[in-house]
Amino acid sequence: MLTAPQARAVMDDLCDILYDCVQDGASVGFMLPFDHDAARPFWQGVVGAIEDGDMALITAEHQGRIVGTVLLGLKQPPNQPHRADVKKLLVHRCARGLGLSRLLMTEVEQQAKIARKNLLVLDTATGELAESIYEKLGWSKAGIVPDYALFPDGRFCDTTIFYKRVG
C-alpha cells in the first residue's frame, strides 16, 4: 500500500500501467486517443484522495517496477460506513499471468478489514477476463447492466456488478 509521497515517486509507472491497459482495450473510464500525459491527472487525483484518507492504493512490483494496481475507495455516505468500492484493478500486459491480480485482490481485502469495511463492491466489463478472475476469487455476481459504459474505442460495454463480504 502506497502513501501519497510514495505514489508521487512512482507516478511514471502508474501512468504507464493505465496507458497500457487503455491501449489494450480495458473499459476503465478513458477513451482513445489516450497517452501517458492523459493518465497523470487521474493519478494526481488518486494521490489527493490518499492524502485525504478517502482511498488506498495497493500496488504490485515485478522486476523492480510497479506493474499492477488496485484502489480501495474508503469514503462512503454516512449510511454506508461498512462498505468500500474496489476500483482499477490494472495489470500491465508485461506482467500478466504471474498471479498479480490474485495478490492485489487478496491485499485489498486485507486492507478493507483493517479499515473496518466488511462489504466490498466493484464493477467490471461483462465477458472480459477480469469478470472470470473475480468469480474465481469468490466474488458474487449481483447483476449485469447493459450498455453501462464504453470501451476505449467507443463500443458499448455491459457491466457486471460484484460484491464480496469480508470479515
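See the structure above.
Please read these numbers as outputs of a predicted model, since none were measured by experiment.

J.: Looking at this structure, I do not really get the pattern of salt bridges. What am I missing?
T.: Two side chains that carry opposite charge are able to pair once their charged atoms sit near each other. This structure, assessed with the given rule, holds eleven salt bridges. Between Arg-96 and Asp-24 there is a salt bridge, with its nearest N and O atoms 2.7 Å apart. In this pair, Arg-96 is assigned in the loop between strand E3 (83-91) and helix H4 (100-114) and Asp-24 in the loop between helix H2 (11-23) and helix H3 (36-51), connecting sequence segments 72 residues apart. We classify Asp-24 as partly exposed; its relative accessible area is 39%. Of the charged contacts, one joins Glu-131 and Lys-141 as a salt bridge, the two residues approaching to 3.1 Å between their closest N and O atoms. Remark: Lys-141 occurs in strand E5 (residues 140-150) and Glu-131 occurs in helix H5 (residues 129-136); sequence separation between them is ten residues. What makes Lys-141 partly exposed here is its relative accessible area of 40%. One network of salt bridges, in which partners are shared, links Asp-20, Asp-24, Arg-93 and Arg-96.

J.: I keep staring at the side chain of Gln-111 and nothing clicks. Help me out?
T.: Assignment of secondary structure puts Gln-111 in helix H4. Exposure remark for Gln-111: the relative accessible area of 14% places this residue in the buried category.

J.: Any chance you could explain unusual backbone geometry here in plain terms?
T.: In most cases, non-glycine residues show a negative phi, while peptide bonds are predominantly trans. The omega torsion across Leu-32 and Pro-33 is 0 degrees, close enough to zero to call that bond cis. One non-glycine residue, Lys-88, lies in positive phi territory at about 55 degrees. Within the element layout of this structure, Lys-88 appears in strand E3. Residue classification places Lys-88 among the partly exposed positions, given a relative accessible area of 22%. Unusually for a residue other than glycine, Arg-116 sits at a positive phi of about 65 degrees.

J.: I would appreciate a short explanation of the sheet that holds strand E1 (residues 55-62) in the present structure.
T.: By definition, the strands of a sheet pair up through backbone hydrogen bonds, in either a parallel or an antiparallel sense. With respect to topology, six strands assemble into an open sheet ordered E1-E2-E3-E4-E6-E5, the strand pairing being mixed. This sheet does not close on itself; its edge strands, each paired only once, are E1 and E5. Taken pair by pair, the neighbouring strands of this sheet meet at an average axis angle of 25 degrees, ignoring direction. Sheet strands in contact with H4 are E1, strand E2 (65-73), E3, strand E4 (119-125) and strand E6 (156-165), and its direction is about 35 degrees off that of E2. On top of the sheet, H5 reaches E3, E4, E5 and E6; it is set at about 150 degrees to E4, its chief contact.

Cut-offs applied
Residues numbered from 1 in each chain as written. Predicted model: local features only at pLDDT ≥ 70, side-chain atom pairs only at ≥ 80, totals over all residues. Heavy atoms only, no water. Salt bridge = Lys/Arg side-chain N within 4 Å of Asp/Glu carboxyl O. Helix = DSSP H or I, 4+ residues; strand = E, 2+ residues; numbered from the N terminus. Buried < 20%, exposed > 50% of the residue type's maximum accessible area, 1.4 Å probe, protein only. Pairing = 2+ DSSP bridges. Axes fitted to C-alpha atoms, helices over the stretch in contact; angles between N-to-C directions. Contact = heavy atoms within 4.5 Å.

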